[in-house]
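# Structural characterization, general
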Amino acid sequence: MTAKDRLIIALDVDTKEKALALVRQLKNDVKFFKIGLELFSSCGPDIVQEIKGKGCEVFLDLKFHDIPTTVAKAAAAVTKLGAYMLNVHALGGYDMMKRCAESVKAEAARLKIERPKIIAVTILTSMDRDALRKVGLSGSIEDEVLKLAILARDAALDGVVASPEEARMIREALGPGFIIVTPGVRPSWAVSDDQKRFATPKEAVAYGASFIVVGRPITAASDPVEAARKILKEIGDSQ
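Okay, so let's go over this structure. From a predicted model like this one, the values you see are computed outputs, not experimental measurements. Once a new chain begins, its residue numbering starts again from 1 and follows that chain's sequence as written. Whole-chain, interface and lining totals are the exception, using all residues; otherwise, since this is a predicted model, local features are given only for residues with pLDDT of at least 70 and side-chain atom pairs are given and counted only at 80 or more. Excluded from the side-chain calculation are hydrogens and water; included are all heavy atoms of the structure.

To continue, consider the overall build of the protein. Secondary structure elements follow DSSP: runs of H or I no shorter than four residues count as helices, runs of E no shorter than two count as strands, and numbering proceeds from the N terminus. When helices and strands are tallied, the protein shows 12 helices and eight strands. The principal-axis extent of the C-alpha atoms belonging to the protein is close to 45 × 40 × 30 Å. Any residue under 20% of the maximum accessible area for its type is buried, any over 50% is exposed, and the rest in between are partly exposed; the area is computed with a 1.4 Å probe on protein chains only. The buried share of the protein, reckoned over its 239 residues, is 52%. The contact rule is simple, with two residues in contact once any of their heavy atoms fall within 4.5 Å. Here the analysis covers contacts within the protein between residues at least 6 apart in sequence; of these, 68% occur between residues at least 24 apart. For the protein, the exposed surface amounts to about 10700 Å²; the carbon and sulfur share of it is 50%. Lys and Arg are tallied as positive, Asp and Glu as negative. Neither His nor the chain termini are counted. The atoms used to mark charge sites are NZ of Lys, CZ of Arg, CG of Asp and CD of Glu. Charge-centre separation for the protein: the mean point of 35 positive side chains lies 4 Å from the mean point of 32 negative side chains. Every accessible area reported is derived by Shrake-Rupley at a probe size of 1.4 Å, with residue values counting cover from the shown protein chains alone.

In this section: the pairing of strand β2 (residues 32-35). Burial along β2 is two-sided: F32 and K34 facing one way and F33 and I35 facing the other are all buried. As paired elements, strand β1 (residues 7-10) and β2 share three bridges and run parallel to each other. For I9, the partnering residue across the bridge sits in β2 and is F33. Note that the unit made of β1, helix α2 (residues 16-26) and β2 has a crossover that is right-handed. Strands are labelled as partners when DSSP assigns at least two bridges between them. Bridging between β2 and strand β3 (residues 57-64) involves four bridges; their strand directions are parallel. Bridging from a neighbouring strand, K34 pairs with F59 of β3. By convention, orient the strands away from the viewer: a clockwise path from the first strand over the helix to the second makes the crossover right-handed.

The next thing to look at is the pattern of salt bridges. Should a side-chain nitrogen of Lys or Arg be within 4 Å of a carboxyl oxygen of Asp or Glu, the pair is scored as a salt bridge. In total, this model carries 14 salt bridges according to the counting rule given. Residue K52 is joined to E57 by a salt bridge in which the shortest nitrogen-to-oxygen separation is 3.9 Å. R129 is the partner of E142 in a salt bridge, and the nearest nitrogen-oxygen pair spans 3.8 Å. Linking E142 in helix α8 (residues 141-154) with R129 in helix α7 (residues 129-134), this pair joins segments that are 13 residues apart in sequence. What emerges from the salt-bridge pattern is a single network uniting D12, K34, D61 and K63.

All right, on to the side chain of R171 then. Along the chain, R171 falls in helix α9 (residues 164-174). Here R171 occupies a buried position and makes no salt bridge, while the nearest side chain of opposite charge, E172, is found at 9.6 Å. Within 3.5 Å is the distance limit for a polar contact, defined as a pair of N or O atoms, with the added protein rule that one can donate a hydrogen and the other accept it, and that residues adjacent in sequence qualify only through two side-chain atoms. Reaching out from R171, the side chain makes a polar contact with the side chain of S210 at a distance of 3.0 Å. Ignoring anything within four residues of it in the chain, the contact list for R171 reads P176, F178, I180, Y207, G208, A209 and S210.

What follows concerns the packing of aromatic side chains. Any two rings among Phe, Tyr and Trp, with Trp reduced to its six-membered ring, count as a pair given centres within 6.5 Å; such a pair is stacked if its planes are under 30 degrees apart, edge-to-face if over 60, and tilted if neither. Tallied over the full model, the rule gives three aromatic pairs. With centroids separated by 5.1 Å and ring planes inclined at 65°, the aromatic side chains of F32 and Y84 adopt a geometry described as edge-to-face. With F32 in strand β2 and Y84 in the loop between α5 (68-79) and β4 (85-89), the pair connects residues that are 52 residues apart, well separated along the chain. A residue is classified by how much of its surface remains accessible, and Y84, at 22% relative accessible area, is partly exposed. For the ring pair Y84 and F211, a centre distance of 6.3 Å and an interplane angle of 70° mean the geometry is edge-to-face. Residue Y84 is found in the loop between α5 and β4, and its partner F211 is found in strand β8 (residues 211-214); the two are separated by 127 residues along the sequence. Taken together through their ring pairs, the aromatic side chains of F32, Y84 and F211 make up a single cluster.

From the geometry alone we can't say anything about function, so treat these as descriptive.
Take a look at the structure:
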């Protein structure tokens, strides 16, 4: 994979105008953009197709987590938007993930479109061991992440979202074809913000990440294109 194929820009903004301005600035250097809850809630599903219309790919980061039937229907509903990848919460359980995978596959076949990749969020990168214990999970972060990654694989999902710290462990356990998307990536010249488990782009790729997600270090930079190119160079140098 080239550096351009690995970098996902998080469009964590609240208006279509801000999002599309960033896409226009960055689309010659970056292929993938992430639409999260804030942007999707502000703009609705049309924003996915507007970004795709500019020749880019979308990671739809809505983190579905509900009873299996509800998640299966929601995932089928967004399949028609044509996102490259979407996600669910692994803590929703095996049945929820399995039903989601089946529903998306069936809907893509019905529409005669390429099936989006489905990945599962393991443990949010904003959480540390203390936060994990407060929600009743007594194992280490590493143990919980690996268990959830294996569960996602068994439910026929394509991969997981996990911090760079766990990427190497997942890659060793689940092999080269399993997608690992790593948020919590911060270049050495950026602050960590609210991420507690993070790494540099170079480290994340070395640990086994398939994709890295970067937001504010690029989108809040005085020159987003220059910031993106610096990160792409770092990724390229690490391969």
